[in-house]
Amino acid sequence: MIEFEVPQEVVELRDRTRAFVDRELVPLEAAVGMGPPDPQLVAELRAKARAAGVYGPHLPRQYGGLEMDWRSVAVLFEAAGRSLLGPLAINGAAPDEGNMHLLHEVATAGQQERYLRPLAEGTIRSCFAMTEPPPGAGSDPSMLRTRASRTAHGWVIQGEKWFISGADGAAFAICMARTSDDPTGWRGATMFLVDATNPGMRVKHTIDTLDHATPGGHCAVVFDSCEVGDDAVLGEVDEGFRYAQLRLAPARLTHCMRWLGVATRALEIAIGYAAERSSFGRQLSEQQGVAFQLADAEIELHAARLMIWHTAWLLDHGQNARHESSMAKTFVAEAVFRTVDRALQVCGSLGVSNHIPLATFLRESRPFRIYDGPSEVHRMAIAARLFRRFRASGDKAT
Ligand SMILES: Cc1cc2nc3c(=O)[nH]c(=O)nc-3n(C[C@H](O)[C@H](O)[C@H](O)COP(=O)(O)OP(=O)(O)OC[C@H]3O[C@@H](n4cnc5c(N)ncnc54)[C@H](O)[C@@H]3O)c2cc1C
């Protein structure tokens, strides 16, 4: 049986989330501008989100969250994603949201108390440090070069990372480091919890990027003779790549949910503009060249939503959904960018101005086609699975 009905409780929460975004966040957007909101404002917005009952749909109840399943989170993150401030206000923004999921799944009780609780309560930020400058890990994580070696008291980490979102001001990093060699490169990595106060971890600089709205920016980070104890190991030694997958499938899907909210709002803005503005004796909405662009956007966003919901359903049923989350990530990242780009075009010069948020949406959404796996790498993985399936089935081409 295929069931698409959203439960009444989730419909009510969605409406409440949407009303919260429109009432509390959208009016602040112009004043916040291109950059991230300051931490004091984020704290105030989180207090308001709690008061409105929309804080932390993905978070366990013991940390003040709503503990919804992935299907419900999909609906609520889309509603919150209508404003770039929404995910921050409900504490569902990257990279903290993915890190919280990972800590919830893998961390010891002591690590959860020390790192997950304050993160979920929204009093600290975190970062996830995997990517390295060439020739280190990028699209291909098996090229990981940061190394952690055993010492008498624990481990010492040596290596360099870059494009680490939120590193500046983060209370801790989850750092991926190689702990044993493996000819394929795909085994022998470990995740370490490194406090920002550790003298061996240093944020070198913030990288100037196209997007500007992530608190703490995207940073180059150095681990230089960075000593940590055995209690810094997250999960099991040498199991880091497995945990990275555990983090990534839901994390890339929650990105899709949030960006779908942005794209939906972009489309609404374009519809509003086209319904009001005239040219050549007709409203823009009556110009087929405009109307078809909006129709195409609506078709793509509908398909994007269904892909997200289906993948969320698989996760709710205990499947890893690697194939589906790869397809959803690729499609949604591209559909979101096309939608925002079309909306901007329909709004003409106003679209590229800072009077409406479309230029910001375009800048902020573009990198989504690169992080959490570039589109090409997902296509490569999807195609590889197709051929594996074909060979395994023993089918012959006809
Ligand atoms: C805004 C932003 C935030 C980020 N945040 C984080 C973070 O918090 N933590 C973290 O660890 N990393 C982060 N990253 C890094 C991100 O995960 C990497 O950029 C991504 O994995 C790609 O690696 P790379 O940049 O080294 O690209 P490269 O590996 O150098 O690849 C460059 C391009 O080559 C193409 N390509 C690569 N392989 C293939 C292939 N097999 N087939 C066809 N084409 C291919 C793709 O188009 C790709 O974009 C962030 C990146 C950005 C842009």
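Higher on the page you've got the structure.
Thresholds, definitions, all that
- Residues numbered from 1 in each chain as written.
- Predicted model: local features only at pLDDT ≥ 70, side-chain atom pairs only at ≥ 80, totals over all residues.
- Heavy atoms only, no water.
- Pairing = 2+ DSSP bridges.
- Helix = DSSP H or I, 4+ residues; strand = E, 2+ residues; numbered from the N terminus.
- Salt bridge = Lys/Arg side-chain N within 4 Å of Asp/Glu carboxyl O.
- Buried < 20%, exposed > 50% of the residue type's maximum accessible area, 1.4 Å probe, protein only.
- Phe/Tyr/Trp six-rings, centres within 6.5 Å; stacked < 30°, edge-to-face > 60°.
- Lys NZ or Arg CZ within 6 Å of the ring centre and 35° of its normal.
- Contact = heavy atoms within 4.5 Å.
- 1 Å grid on protein atoms, 1.4 Å probe; cavity = no way out; pocket = protein on both sides within 12 Å on 5 of 7 lines; lining within 4 Å.
- Points joined across faces, edges and corners; volume = space filled by probe spheres on them.
- Nonpolar A, V, L, I, M, F, W, Y, C, P; charged D, E, K, R; others polar.
- Axes fitted to C-alpha atoms, helices over the stretch in contact; angles between N-to-C directions.
- Left-handed = near helix turned anticlockwise from the far one by under 90°.

Peer 1: Break down the pairing of strand β2 (residues 147-150) for me, citing the residues and quoting the values.
Peer 2: For β2 and strand β3 (residues 154-165), the ladder comprises 4 bridges, and the chain directions are antiparallel. Bridge pairing in β3 links S149 to V156. Counting the residues in the hairpin turn of β2 and β3 gives 3 residues.

Peer 1: Give me the pattern of salt bridges: which residues, what numbers.
Peer 2: Under the definition given, this model contains 24 salt bridges. A salt bridge links R23 to E24, with the nearest nitrogen and oxygen atoms 3.3 Å apart. Its relative accessible area of 49% is what places R23 among the partly exposed residues. When the shortest N-O distance is used, the salt bridge between R187 and D182 registers 3.6 Å. Taken together, the shared-partner salt bridges connect R18, D22, R82 and E268 into one network.

Peer 1: How would you sum up the packing of aromatic side chains? Please name residues and give values.
Peer 2: Taken as a whole and assessed by the stated rule, the structure comprises 6 aromatic pairs. Cluster of aromatic residues (ring-pair linked, three or more members): W259, F368 and Y371. The ring of Y55 has R50 lying over it, and the distance from NZ or CZ to the ring centre is 4.0 Å. In this arrangement the basic side chain of K329 is found over the ring face of F368, its NZ or CZ atom lying 4.7 Å from the centre.

Peer 1: Got a sec to walk through the environment of W259? Specific residues and values, please.
Peer 2: Note on placement: W259 falls in helix α8 (residues 240-276). The exposure class assigned to W259 is buried, which follows from its relative accessible area of 9%. Taking the C-alpha atoms as reference points, W259 and L84, 175 residues apart in sequence, are found 9.0 Å from one another. Discounting chain neighbours no more than four positions away, the residues touching W259 are L84, V336, E364, S365, F368 and Y371.

Peer 1: Summarise the layout of surface pockets; cite the residues concerned and give the values.
Peer 2: As a volume, the second largest pocket reaches approximately 570 Å³. Along the wall of the second largest pocket there are 24 residues; nearest its centre are W70, H101, E105, L246 and P250. Considering each element in turn, the lining of the second largest pocket owes the most residues, 6 residues, to α8. In terms of residue class, the lining of the second largest pocket is made up of 11 nonpolar, 7 polar and 6 charged.

Peer 1: Explain unusual backbone geometry residue by residue, including any values.
Peer 2: Cis geometry is found at the peptide bond from A94 to P95, where omega equals 0°. For the peptide bond that leads from P134 to P135, omega is 10°, which places it in the cis range. Relative to the helices and strands, P135 resides in the loop between β1 (126-129) and β2. You will see that N91, though not glycine, has its phi angle at about 60°, which is positive. Tracing the backbone through its elements, the reader meets N91 in the loop between α5 (85-89) and α6 (96-106).

Peer 1: If you had to explain the packing of helix α4 (residues 70-80) against α8 to someone new, which residues and values would you point to?
Peer 2: Helix-helix packing: each pair is described by the crossing angle between the helix axes and the interaxial distance. Running from amino to carboxyl end, α4 crosses α8 at an angle of 35°, the nearest separation of the two axes being 7 Å. Crossing handedness for the pair α4 and α8: right-handed. Here W70, V73, A74, F77 and E78 of α4 come into contact with α8, specifically with P250, T254, M257, R258, L260, G261 and T264. A per-class count over the contact of α4 with α8 returns 7 nonpolar, 3 polar and 2 charged.

Note that all results are geometric; they support no functional claim without further evidence.
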